[in-house]
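Chain residues, written in single-letter form:
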Amino acid sequence: TTRAAENRRDRREEAMASEKPISATGTTQTRIAVRDVKLDCVVHRNAAQSDDASSSSRLAVVVLHPYPWLGGSMRDHVTQSLWDAFANDPFRKYNTVVMYNSRGVGRSSGRASMFGAQKE
């Protein structure tokens, strides 16, 4: 069983290494590094309109998932519905929409904590 666990860990680490740059338009699924943790995330960018310099075209939204200790992840149906609503806004009011799995959730590294990094 130890060898199987090591193989799973190696595959997980290999998958984590496959980070993609965030594209200027469209949706990108990638991992972003925050200190020593890599977070699984999805970023949607609307095409920047050169003739539209209004502040509303530069708005960004971060959609957070429910509490991870109770099974929350960015694939939660409510989180997914919110992300879809913002990313597919017909008025293109939001330039960037981001959702991510916090530490220890899904393919994000680290572990979820009750108190945050300062208490661990």
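Attention in this report is confined to the structure presented alongside it. Because the structure is a prediction, the values reported are computed rather than measured. (Residues numbered from 1 in each chain as written. Predicted model: local features only at pLDDT ≥ 70, side-chain atom pairs only at ≥ 80, totals over all residues. Heavy atoms only, no water.)

Focus: the overall build of the protein
Quick reminder of the rule: In this text, helices come from DSSP runs of H or I with a minimum length of four residues, and strands from runs of E with a minimum of two, each type numbered from the N-terminal end. Throughout, exposure labels follow a simple rule: accessible area from a 1.4 Å probe, protein chains only, divided by the maximum for the residue type, with under 20% read as buried, over 50% as exposed, and the rest as partly exposed. Throughout, a residue-residue contact means that at least one pair of heavy atoms, one from each residue, lies within 4.5 Å.
Helix and strand counts for the protein come out as two helices and four strands. The order of helices and strands in the protein, counted from the N terminus, is α-β-β-β-α-β. When burial is assessed residue by residue, the protein has 28% of its 120 residues classed as buried. The long-range fraction of contacts in the protein, counting pairs at least 24 apart against all pairs at least 6 apart in sequence, stands at 52%.

A short note on the environment of Lys38
Relative to the assigned elements, Lys38 resides in strand S2 (residues 37-45). Overall, Lys38 belongs to the partly exposed group, its relative accessible area being 28%.

Focus: the environment of Arg103
Within the secondary structure layout, Arg103 lies in the segment after strand S4 (94-100). For the pair Arg103 and Asp40, spaced 63 residues apart in sequence, the C-alpha separation works out to 8.9 Å.

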